[in-house]
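# Architecture and fold: a report
In case you want the letters, here they are:
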Amino acid sequence: MLTRLHVQNFAIIDDLTLDFSAGLTVFSGETGAGKSIVIEALGFVLGARGDVSVIKDGAARMCVTAEFESACLPPTVREQYHLTADRFTLRRELDNKGKGKAQLDGRAVTVSTLARIGQHLVDFHGQHDHQSLLHASVHLNLLDHFAKHATLLTQVKTAYTREQEVRAKLEALHLSAQEKERLLDLYSYQLKEIEDIAPKADEDLQLEQTLPKLKHAGKLLELAQEAYEELYEAENSAAARTARAAKAATNMAQLDDNLTQLAQDINTALVTLEDAAQTLGAYKEDMEVDPAALDKMLTRHEKLKRLKAKYGPELKDVLATAQELGEKIKNLQHAEEHEQDLENELKTAHAQLLKLARTLHDKRMTAATKLARLITDEIRPLGFNQVKFSVAVEMDEENITATGADRVEFLFSPNPGQALRPLKNIASGGEISRVMLGLKTVLAPTVPVMVFDEIDAGIGGETGHLVGQKLRKAATGKQVLCVTHLAQVAAQAHVNFHVEKTADKTSTRVCITPLAGETLTAEIARMLGGNADKKSAAFSHAQELLKEAQRV
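Cut-off values and rules
Residues numbered from 1 in each chain as written. Predicted model: local features only at pLDDT ≥ 70, side-chain atom pairs only at ≥ 80, totals over all residues. Heavy atoms only, no water. Buried < 20%, exposed > 50% of the residue type's maximum accessible area, 1.4 Å probe, protein only. Helix = DSSP H or I, 4+ residues; strand = E, 2+ residues; numbered from the N terminus. Pairing = 2+ DSSP bridges. Axes fitted to C-alpha atoms, helices over the stretch in contact; angles between N-to-C directions. Contact = heavy atoms within 4.5 Å. Parallel < 35°, antiparallel > 145°, perpendicular 65-115°, else oblique. Left-handed = near helix turned anticlockwise from the far one by under 90°. Nonpolar A, V, L, I, M, F, W, Y, C, P; charged D, E, K, R; others polar. Core = buried A, V, L, I, M, F, W, Y, C linked by side-chain atoms within 4.5 Å. Expected span 1.5 Å × (residues − 1). Arc of directions from axis to C-beta. Salt bridge = Lys/Arg side-chain N within 4 Å of Asp/Glu carboxyl O. Patch = residues over 30% accessible without salt bridge, like charges linked within 9 Å, V, L, I, M, F, W, Y side chains within 5 Å. Areas by Shrake-Rupley, 256 points an atom, 1.4 Å probe, with all protein chains shown as cover. Lys, Arg positive; Asp, Glu negative; His and termini not counted. Charge placed at Lys NZ, Arg CZ, Asp CG, Glu CD. Polar contact = N/O pair within 3.5 Å; in protein donor to acceptor, adjacent residues only side chain to side chain.

So, on to the pairing of strand 13 (residues 479–483). Burial analysis of strand 13 places 5 of its 5 residues in the buried class, the great majority of the element. Going residue by residue along strand 13, you find Gln-479, Leu-481 and Val-483 tucked away on one face and Val-480 and Cys-482 tucked away on the opposite face as well. Pairing of strand 3 (residues 23–28) with strand 13, which is carried by 5 bridges, proceeds in the parallel orientation. Bridging across to strand 13, Thr-25 finds its partner in Leu-481. Relative to strand 13, strand 12 (residues 449–453) runs parallel, the two sharing 5 bridges. Bridging from a neighbouring strand, Val-449 pairs with Gln-479 of strand 13.

Structure (structure tokens):
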């Protein structure tokens, strides 16, 4: 689980450290107080997009550090990232020039690494995510995520790509003579352009290593000669002076054994100097100042740059393009000879794709029945006594894509006697929120931390009470963080934080404080629309909510 979050200069947060525990943690406060900023900071350290506009005014950089228990990661992930301690930290910085840093336990990593690790740690549900349930395209992804048949999906995509490649080759056969001639001319010109230069793999890298030496050959030769003379040739060279010092130290060691090591050190230094002088001598002897060679190499380097700009970005890509162009030319020149072979190949490829699409359809049908049942069980206690929820899977074998031949849509009926209809046509905002809560509970059981930013949108009263109970139950054995405006939800929390925004003439900041006892009761009363007066009806109602949740 998440154990600690440290936020610096993020939005209107100066410096904030929050310690977390298992169970349901709720953030509450007035509208605009900054409750969602903590959630955004957690998302940032887990790889969400960073924006310099979020850096607190006047600060040079923002930084977020999150500490998690290692046990919440799969063993393979812990092994992959060498996480052996009980806890590990993720850290991410972004300065006001757009430069960022990411770290895992103090080791530099990429932001994508933080995101990959984050997928195993936290499942986010933002304020507007429930709107995605109105789009049928999302329903297919949710069903596939639930079914966990990623390998089969990959096989379908591969088969689809193969069929499209064969189909494209067949279509090329049916080009007009004029179009075929145009393409032959284009491909031949492009291939000749590459073959005339005849690049070799990594040739550009070798040139880039050699060019600096050639460009500065004259200066290098001058400096090498100067260094060689200073070390060896000059009458009072370093080698000559060191040789005299070595002789004197050797004589001294014969008179005093304590100086033996000193004499050896000076003699070693003399050998090192002589070796360096020999290396410099060989270097200056090999050095050539050849303007013609330099010009030739610069011209070659420029030609390779132009090739990479057109067919790259790397020389290996240029070589791959040349091979591809050769194949295209060959296919166009011998198109008629291959037509029957391609027809047979397309028939085989389509049959394989259709077979995989049917297998995928069968698995989706099985998963759809199970998913509908589980979601129904999850949302029925949330004020849907006679709810009906179904996942419709319809196959169209004439329109197979990279994701198969299925169209998936969630169907919903919240009231008895009402027919199942697409969720987008019948559900209210509050109903959508509750369905999303059911989905999140079903689809993210292996993620240790679930985050809900205003899941209670569009609901209240008794339904809010039921949602609070559901969130508390969902937090059993894991961790749920929730931003809410509902007293009924806040009362069900195991831990409550109050978020308050303060401002003066020069700055605005967020203050987050834990709530317990009377301060918690007063906050629940405020959320009910009352005040902190112990004699008020809202205060009494808040006490009743907390008592029912066994908080008092």
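Picking up where we left off.
As summarised here, the arrangement of the 6 strands in space is 2-1-4-5-6-7, forming an open sheet in which the pairing is antiparallel. Whereas interior strands pair on both sides, the edge strands pair on one side only; in this sheet they are strand 2 (13–19) and strand 7 (107–109). On average, adjacent strands in this sheet sit at an angle of 15° to one another, irrespective of strand direction. Contacts between helix 3 (residues 111–119) and the sheet are confined to strand 5 (87–95), strand 6 (100–104) and strand 7, with strand 5 contributing the most and set at about 140° to the helix.

Two elements in contact, helix 11 (residues 291–311) and helix 12 (residues 315–333), have axes separated by 9 Å at closest approach and are oriented at 65°. In terms of their interaxial angle, helix 11 and helix 12 are classed as roughly perpendicular. Viewed along their axes, helix 11 and helix 12 form a crossing whose handedness is left-handed. Contacts between helix 11 and helix 12 pair Leu-304, Leu-307, Lys-308 and Tyr-311 from the former with Leu-315, Asp-317, Val-318 and Thr-321 from the latter. Partitioned by chemical class, the residues of the contact of helix 11 with helix 12 number 5 nonpolar, 1 polar and 2 charged.

Turning our eyes to something else, we now look at the sheet that holds strand 11 (residues 421–422). Across the sheet, which stays open at both edges, the 3 strands sit in the order 9-10-11 with antiparallel pairing between neighbours. Looking along the sheet, the strands with just one partner apiece sit at the ends: strand 9 (388–395) and strand 11. Two elements, strand 10 (residues 406–413) and strand 11, share 2 bridges in a ladder whose sense is antiparallel. Pairing of Phe-412 across the sheet is with Arg-421, part of strand 11. Helix 4 (residues 136–147) rests against strand 9 and strand 10 of the sheet, and its axis sits at about 100° to strand 10.

Counting residues in hydrophobic clusters, the biggest one holds 46 residues, and the most contacted among them are Phe-27, Leu-42, Phe-68, Phe-88, Leu-90, Leu-121 and Ile-512. It is helix 1 (residues 35–45) that provides the largest number of residues to this core, a total of 7 residues. Setting aside its immediate chain neighbours within four residues, Phe-27 contacts Leu-18, Phe-20, Lys-35, Val-38, Cys-482, Val-483, Thr-484, Phe-497, Val-499 and Ile-512. By size, the runner-up hydrophobic cluster in this structure holds 32 residues, among which are Ile-459, Ala-475, Ala-490 and Leu-545.

Turning to helix 19 (residues 537–548), a few remarks are in order. Between its first and last C-alpha, helix 19 extends 17 Å over 12 residues, near the 16 Å set by a 1.5 Å rise per residue. Those residues of helix 19 not exposed but buried are Ala-538, Phe-539, Ala-542, Leu-545 and Leu-546. Take helix 19 and look down its axis: the buried residues cluster within an arc of 120°, on one side only. Those residues of helix 19 that are exposed and angled more than 90 degrees off the buried face are Ala-537, Glu-544 and Lys-547. Just beyond helix 19, the residue with positive phi is Gln-550, at close to 60°.

Turning next to the pattern of salt bridges. Applying the stated criterion across every chain, the model contains 23 salt bridges. A salt bridge links Arg-162 to Glu-165, with the shortest nitrogen-to-oxygen separation between them at 3.6 Å. Here Arg-162 pairs with Glu-165, and both are found in helix 5 (residues 150–173), just 3 residues apart, close to one helical turn. You can call Arg-162 partly exposed: its relative accessible area is 33%. The partner of Asp-196 in a salt bridge is Lys-192, with the nearest N and O atoms 2.8 Å apart. Of this pair, Asp-196 and Lys-192 both sit in helix 6 (residues 177–197), separated by 4 residues, roughly a single helical turn. On the basis of relative accessibility, which here comes to 53%, the residue Asp-196 falls in the exposed class. Each of the salt bridges in this network shares a partner with another, and the network as a whole consists of Asp-14, Lys-56 and Arg-509.

For the rest of this paragraph, the subject is a negative patch on the surface. Judged by side-chain charge, Glu-226, Glu-229, Glu-230 and Glu-233 come together as a negatively charged surface patch. When you line up the elements, Glu-229 lands in helix 8 (residues 217–233). Overall, the relative accessible area of 34% leaves Glu-229 in the partly exposed class.

Attention shifts here to the side chain of Asn-496. As for its position among the elements, Asn-496 is in strand 14 (residues 495–503). For Asn-496, a relative accessible area of 2% puts it in the buried group. Within the structure, the side chain of Asn-496 is placed 3.1 Å from the backbone oxygen of Ala-490, a separation counted as a polar contact.

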